[in-house]
Amino acid sequence: MNDDGPFLSIGDLARRTGLPVKTIRYYADIGLVPPTDRSPAGYRRYDAVALARLDLVRTLRELGIDLATVRRVLDRSLSLADMATAHAAALDAQIRLLRTRRSVLRAVAALGIDDHEELDLMNRLAHLSAAERQQIIDDYWESAFEGLDTDPAFAERMRSVRVDLPDDPTPAQVEAWVELAELVQDPSYRARVRQMAEAGASSGSASAGPAPAEMALYESVTELVTPLRSADVAPGSPEGRLVVDQLAPRFAHARGVADGADFRRELGEQIALFSDRRVERYWELVGIINGWPREQVRSGSVATMEWFAQALIAAAEA
């Protein structure tokens, strides 16, 4: 193979593999690619088997395989296929991590974040595992329904909606997840949702929901109130009173009670109780994270119901 006969010098190995002599010497010293023989002058000499072994070491190291695993492959205590499977899975995890980091940095740049604590919070929340993220949501629903006589099917529908941050999230999805995690851990928001759940459980509305006739009335509220809100008409205005006079008797009829100031106040307070923009925002954020169509999660109905509730109470007090 050279002047030494069937042997290669360490310089020959360096030229054939592209590895520095220093690296080859190190691999020899730790026993990964020991020399086949030594010359009379004490120089390391290698045969074709050692060259093939060194080529394998070089390839594995270029693939990012650690030396301990390389040694197991060379010793045949780990097959190449098993090694490849394990390290491909590890690379998948690293790629997901890098994609998340990239999205966090892009979100920080887009939001103009200049606060170290806010940056740290965003980074920690974004790097939670899928199970850890879902646990935050599960804890939120548990705090809402625990100990209440809520219809199990209704509670299960709420809990069944998963939060699936993609492996390669967009900055908007990272922002949405951070906002959602902060929202569902906000004590005041949790207390508000709990209040809704308690009211729903006591009235039975959390299980059965409004009757079909009443649901149609809420659609009428949207039709009548939306143009007034768009025109910045106040709920307590004469126009607001006309909406109440048109719809309140129909709500009373649907519930089998008489219309009047007390009914209008009670209806207004009930609608106000179940109208919270943070709840609507919760579903908007879940939709962004899960990639739902935009029109599926942005209704603006809460603001409409808030306006109608204020109009009812104003009419009752007039």
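Keep in mind the model is a prediction, meaning the values are calculated, not measured.

What follows covers the overall build of the protein. Scanning the protein from terminus to terminus reveals 17 helices and three strands. Scaling as 2.2 N^0.38, a compact globule of 318 residues should have a C-alpha radius of gyration of about 20 Å, whereas the protein reaches 34 Å, well beyond that. Expressed along its principal axes, the backbone C-alpha trace of the protein runs to roughly 115 × 40 × 30 Å. Expressed as a percentage of contacts within the protein between residues at least 6 apart in sequence, the contacts between residues at least 24 apart total 64%. In the structure as shown, the protein presents an accessible area of about 17,600 Å², 53% of it carried by carbon and sulfur atoms. Both charge centroids of the protein, one from 37 positive and one from 49 negative side chains, sit 9 Å from each other.

Quick reminder: α-helices carry 3.6 residues per turn. Residues three or four places apart thus point the same way. Along its 14 residues, helix α15 (residues 277–290) runs 20 Å from first to last C-alpha, staying within 8% of the 20 Å computed at 1.5 Å per residue. Where α15 is concerned, the buried positions are Glu-280, Tyr-282, Glu-284, Leu-285, Val-286, Gly-287 and Ile-289. Regarding α15, its N-cap is Asp-276, as a side-chain oxygen of that residue lies 2.8 Å from the backbone nitrogen of Arg-278 further along. Of the residues one or two after α15, Gly-291 is the one with positive phi, at around 75 degrees.

Before going further, it helps to examine the side chain of His-87. Turning to its location among the elements, His-87 is positioned in helix α5 (residues 80–111). On the accessibility criterion, His-87 (19% relative accessible area) is buried. The residues contacting His-87, other than those within four sequence positions of it, are Ile-65, Asp-66 and Thr-69.

Moving on, we come to the nonpolar core. With 33 residues, the main nonpolar core has Met-122, Ile-137, Trp-141, Phe-145, Trp-177, Leu-180 and Tyr-282 as its most contacted residues. Of all elements in the fold, only α5, α6 (116–126), α7 (130–145), α8 (152–160), α9 (171–184), α10 (187–203) and α15 reach the threshold of two or more residues within this core. With near-sequence residues (within four places) excluded, Tyr-282 lies in contact with Ile-137, Tyr-140, Trp-141, Leu-180, Leu-183, Val-184 and Tyr-189.

Turning next to the packing of helix α1 (residues 10–17) against helix α3 (residues 48–62). Between α1 and α3, whose axes approach to 11 Å, the crossing angle comes to 45 degrees. One element, α1, and the other, α3, form an angle in the oblique class. For the pair α1 and α3, the crossing hand works out as right-handed. Listed contacts from α3 to Leu-13, Arg-16 and Thr-17 of α1 are Leu-51, Leu-54, Asp-55 and Arg-58. Residues that form the contact of α1 with α3 fall into these classes: three nonpolar, one polar and three charged.

Taken in spatial order, the three strands make up an open sheet running β1-β3-β2, and their pairing is antiparallel. The strands lining the two open edges of the sheet, one partner per strand, are β1 (8–9) and β2 (37–38). Relative to strand β3 (residues 44–46), β2 is paired through two bridges, and the arrangement is antiparallel. Opposite Asp-37, over in β3, you have Arg-45 as the bridge partner.

Moving on, we come to unusual backbone geometry. The phi torsion at Arg-76 lies on the positive side, around 65 degrees, for a residue other than glycine. You can see Arg-76 is positioned in the loop between α4 (67–74) and α5. For Asp-232, which is not glycine, the phi dihedral falls at a positive 60 degrees. Take Asp-232: it is sitting in the loop between α12 (212–230) and α13 (238–255). A relative accessible area of 69% means that Asp-232 is categorised as exposed.

The subject of this paragraph is α6. Looking at α6, one finds that the buried residues are Met-122, Leu-125 and Ala-126. Each buried residue of α6 lies within a common arc of 95 degrees when the element is viewed along its axis, so the set occupies one face. Exposed side of α6, more than 90 degrees from the buried face: His-116 and Glu-117 are the residues found there.

A few words on the packing of aromatic side chains. Scanning the entire structure with this criterion turns up 11 aromatic pairs. Between Tyr-282 and Trp-283, the ring centres sit 4.9 Å apart and the planes meet at 85 degrees, which makes this aromatic pair edge-to-face. Put simply, the rings of Tyr-140, Trp-141, Phe-145, Phe-154, Tyr-189, Tyr-282 and Trp-283 pair up and form one aromatic cluster.

We now examine the packing of α13 against helix α17 (residues 301–317). Between two packed helices, both the angle of their axes relative to each other and the distance between the axes serve to describe the pair. It is the contact of α13 with α17, at a shortest axis distance of 9 Å, that shows an interaxial angle of 90 degrees. Between α13 and α17, the interaxial angle falls into the category roughly perpendicular. Between α13 and α17, the contacting residues are Gly-240, Arg-241, Val-243, Val-244, Leu-247, Ala-248 and Phe-251 on the first element and Trp-307, Phe-308, Ala-311, Leu-312 and Ala-315 on the second. Residues belonging to the contact of α13 with α17 are distributed by class as follows: 10 nonpolar, one polar and one charged.

Glancing now at the confidence of the model for the protein. Looking at the protein, the pLDDT average stands at 87 and 94% of residues meet or exceed 70. Helix α11 (residues 205–208) is the least confidently modelled element of the protein, averaging 48 in pLDDT, while α13 averages 95, the highest of any element.

About the thresholds
Residues numbered from 1 in each chain as written. Predicted model: local features only at pLDDT ≥ 70, side-chain atom pairs only at ≥ 80, totals over all residues. Heavy atoms only, no water. Helix = DSSP H or I, 4+ residues; strand = E, 2+ residues; numbered from the N terminus. Rg over C-alpha atoms; globule rule 2.2 N^0.38 Å. Contact = heavy atoms within 4.5 Å. Areas by Shrake-Rupley, 256 points an atom, 1.4 Å probe, with all protein chains shown as cover. Lys, Arg positive; Asp, Glu negative; His and termini not counted. Charge placed at Lys NZ, Arg CZ, Asp CG, Glu CD. Expected span 1.5 Å × (residues − 1). Buried < 20%, exposed > 50% of the residue type's maximum accessible area, 1.4 Å probe, protein only. Polar contact = N/O pair within 3.5 Å; in protein donor to acceptor, adjacent residues only side chain to side chain. Core = buried A, V, L, I, M, F, W, Y, C linked by side-chain atoms within 4.5 Å. Axes fitted to C-alpha atoms, helices over the stretch in contact; angles between N-to-C directions. Parallel < 35°, antiparallel > 145°, perpendicular 65-115°, else oblique. Left-handed = near helix turned anticlockwise from the far one by under 90°. Nonpolar A, V, L, I, M, F, W, Y, C, P; charged D, E, K, R; others polar. Pairing = 2+ DSSP bridges. Arc of directions from axis to C-beta. Phe/Tyr/Trp six-rings, centres within 6.5 Å; stacked < 30°, edge-to-face > 60°. pLDDT = per-residue confidence, 0-100.

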